[in-house]
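Chain by chain, the residues run as shown.
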Amino acid sequence: MNKKALITGVTGQDGSYLAELLIDKGYQVFGLVRRSSTSNLERISHLFDHIQILCGDLLDQSSLMDVITDSQPDEIYNLASQSYVPLSWTQPALTAEYTALGVSRLLESIRRCKSDAKFYQASSSEVFGQPEESPQTERTAFRPRNPYGVAKAYAHWMTVNYRQKYNLYSCCGITYTHESPRRGTEFVFRKITHAAAQIKLGLANELKLGNLDARRDWCYAKDAVYAMWLMLQQEKADDYIIASGETHSVKELVECAFNCVGLDWQDYVSVDYAFYRPDESVQLVGSIDKIKTELGWQPEYSFKQLVELMVDYDLKKLTNNRA
Ligand code: GDP
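Remember, predicted model here, so these are calculated numbers, not experimental data.

Sorry if this is basic, but what is going on with the nonpolar core here?
Where a protein is soluble and globular, its nonpolar side chains tend to be buried together. Counting residues in each nonpolar core, the largest one holds 76 residues, and the members touching the most others are Ile7, Leu22, Tyr77, Tyr120, Leu207 and Ile242. Here this core spans two domains, since at least three of its residues come from each of domain 1 (4–178 + 218–242) and domain 2 (184–217 + 247–282 + 301–322). Each residue touching isoleucine 242, except ones within four places of it in the same chain, is listed here: Tyr120, Gly173, Ile174, Thr175, Tyr176, Ala224, Ala227, Met228, Met231, Ile291 and Trp297.

See the structure below:
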């Protein structure tokens, strides 16, 4: 019998890649989607024949219980949240409802309706906020610095507590920034790869960026979702950091992307202080020792390969758009 998986947040970057991976592995995939008058199913439109969409909402416990009872999933991946950090300051209570209490409702629904289902919770490096050590490990203290990080920290500990108290197979993957061609151009990685492709094709002639010295731990979203799946294939549930384990600066990124199209970035890039962040003293970088040793996972794509594949994607997409 094929395994069944339920994915919340299936319409997002990670949800769509995870759905592809599970379909490939022969799973019957269910996607939890909030009802909305406008469609946001663009990232999974190519998968419609292979996914069953179920309506439900993390704000509504009974809808979660119904969805779990109806679909009887072997695995549940919670990738849904209110994840936009600036919005978490203007709508902190709503962020907590989705990102924190939503996980309580989900865990409680699993406990009541399908307690043998394995559960993956998407934790975030934002739980570390201003970490006391770098790189961060699974034992690094949580010191979140925005309502989104606080909500994710709550969700993380509830997931761990349900594992301890009720013996659920529930675990958290603490992911760092992960990118793909399905990312929006408001994020610096895609902004740069997209701009390099545009400039190469003569569709733009400049790129304005903020802090070129800012560093991030970037990995490919496809690598990250593979780690999520792997975490649910173990005998025992445990929590892991999912990251590349290395940082690169925005300057390295821009240099690499422009190299891919054979241009010198310094001819096109200027610094615009509007894109600067107020406080960026902190280094977020994950240690992947635990997941590497225990699960044998490490990213398949290097930083350079990720830049290349994204530039390549944008070159092709923009060329097709013009044709
Ligand atoms: P996030 O902050 O991890 O959600 O990801 P972003 O992609 O938005 O930002 C990554 C880093 O790039 C931050 O440290 C920013 O300060 C830096 N950065 C430098 N220039 C830009 C820019 O033009 N846009 C964005 N979004 N970030 C920039």
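That covers the picture; the talk isn't over yet.
What's the story with the side chain of serine 249 in this structure? I'm lost.
For serine 249, the position within the fold is in strand β12 (residues 248–249). By relative accessible area, serine 249 is classed as buried at 7%. Not counting residues within four places of it along the chain, the set of residues in contact with serine 249 comprises Leu212, Asp213, Ala214, Arg215 and Trp218.

What is the right way to read the side chain of glutamate 179 from this model?
When you line up the elements, glutamate 179 lands in strand β7 (residues 178–179). Of the residues examined, glutamate 179 reaches a relative accessible area of 2% and is grouped as buried. If near-sequence neighbours (up to four positions away) are discounted, glutamate 179 is found in contact with Gln13, Phe187, Phe189, Arg190, Trp218, Cys219, Tyr220, Ala221, Leu306 and Met310.

What am I meant to see in the domain arrangement of the protein here?
Size of an interface: often given as the accessible area lost when the parts come together. Parsing the protein into structural domains produces domain 1 (4–178 + 218–242) and domain 2 (184–217 + 247–282 + 301–322). Using only C-alpha atoms to locate each centre, domain 1 and domain 2 end up separated by 29 Å. With 10 residues of domain 1 at the interface, the matching set in domain 2 holds 15 residues. Between domain 1 and domain 2, roughly 1100 Å² of surface is buried when both sides are summed, and carbon and sulfur atoms account for 64% of that area. When residues of domain 1 are sorted by the area they lose upon contact with domain 2, Arg145, Trp218 and Tyr220 head the list and together hold 65% of the total.

For this particular structure, what's the right way to read a nonpolar patch on the surface?
Among the surface-exposed residues, Val271, Tyr273 and Tyr276 lie close enough to one another that they form a single nonpolar patch of about 320 Å² accessible area. For valine 271, a relative accessible area of 39% gives the class partly exposed.

For this particular structure, what's the right way to read the pattern of salt bridges?
A side chain of one charge can pair with a side chain of the opposite charge when the charged atoms of the two come close. Applying the stated rule across the entire model yields 14 salt bridges. A salt bridge links arginine 183 to glutamate 179, with the shortest nitrogen-to-oxygen separation between them at 3.2 Å. Here the two residues arginine 183 and glutamate 179 agree in accessibility, since each one is buried. Here the salt bridges do not stand alone but share partners, grouping Glu108, Arg111 and Arg112 into one network.

Explain the sheet that holds strand β3 (residues 51–55) to me, please; I cannot follow it from the model alone.
Sheets are built from strands that pair by backbone hydrogen bonding, the pairs being arranged parallel or antiparallel. As summarised here, the arrangement of the seven strands in space is β3-β2-β1-β4-β5-β6-β11, forming an open sheet in which the pairing is parallel. In this open sheet, the two edge strands, each paired with only one partner strand, are β3 and β11 (240–242). Between one strand axis and the next, the sheet turns through 25° on average, direction left out of account. Examined bridge by bridge, strand β2 (residues 28–33) and β3 share five bridges and lie parallel to one another. When the sheet's bridge partners are listed, leucine 32 is paired in β3 with leucine 54. Helix-sheet contacts for helix α4 (residues 92–113) involve β1 (4–8), β4 (75–78), β5 (118–124) and β6 (169–175), and the interaxial angle to β5 is about 170°.

How do you make sense of the pairing of β6 when you look at a structure like this?
Looking along a regular strand, one sees the side chains alternate between the two faces of the sheet. The element β6 is largely enclosed, with a buried count of seven among its seven residues. On β6, burial covers both faces: Tyr169, Cys171, Gly173 and Thr175 on one face and Ser170, Cys172 and Ile174 on the other are all buried. Bridge count for β5 against β6 is seven bridges, and the pairing is parallel. The residue bridging serine 124 from the neighbouring strand is threonine 175, located in β6. In this fold, the crossover linking β5 to β6 by way of helix α5 (residues 147–166) has right-handed handedness. Bridge count between β6 and β11: three bridges; the pairing is parallel. Within β11, the residue paired with threonine 175 across the bridge is isoleucine 242.

What's the story with the UniProt feature "active site" (unreviewed entry) in the protein in this structure? I'm lost.
Under the local residue numbering, the UniProt record ascribes the feature "active site" (unreviewed entry) to Tyr176. Along the chain, tyrosine 176 falls in the loop between β6 and β7. Using a relative accessible area of 3% as the deciding quantity, one classes tyrosine 176 as buried. Excluding its chain neighbours within four sequence positions, the residues that come into contact with tyrosine 176 are Ser125, Phe128, Gln136, Asp217, Ile241, Ile242, Ala243, Leu284, Val285 and Gly286.

Any chance you could explain helix α2 (residues 61–71) here in plain terms?
Residues separated by three or four positions in an α-helix point in the same direction, a consequence of the helix having 3.6 residues per turn. Those residues of α2 that fall on the buried side of the exposure criterion are Ser63, Leu64, Val67, Ile68 and Ser71. Taken down its axis, α2 places every buried residue within 130° of arc, on the same side. On its buried face, α2 sits against β1, β2, β3, β4 and α4. At the exit of α2 stands glutamine 72, carrying a positive phi of roughly 45°.

Conventions and cut-offs
Residues numbered from 1 in each chain as written. Predicted model: local features only at pLDDT ≥ 70, side-chain atom pairs only at ≥ 80, totals over all residues. Heavy atoms only, no water. Core = buried A, V, L, I, M, F, W, Y, C linked by side-chain atoms within 4.5 Å. Buried < 20%, exposed > 50% of the residue type's maximum accessible area, 1.4 Å probe, protein only. Domains from an automatic or database assignment. Contact = heavy atoms within 4.5 Å. Helix = DSSP H or I, 4+ residues; strand = E, 2+ residues; numbered from the N terminus. Buried area = accessible area lost by both parts, 1.4 Å probe. Patch = residues over 30% accessible without salt bridge, like charges linked within 9 Å, V, L, I, M, F, W, Y side chains within 5 Å. Areas by Shrake-Rupley, 256 points an atom, 1.4 Å probe, with all protein chains shown as cover. Salt bridge = Lys/Arg side-chain N within 4 Å of Asp/Glu carboxyl O. Pairing = 2+ DSSP bridges. Axes fitted to C-alpha atoms, helices over the stretch in contact; angles between N-to-C directions. Right-handed = clockwise from strand over helix to strand, strands pointing away. UniProt positions renumbered as here; feature names shortened; annotations may be inferred. Arc of directions from axis to C-beta.

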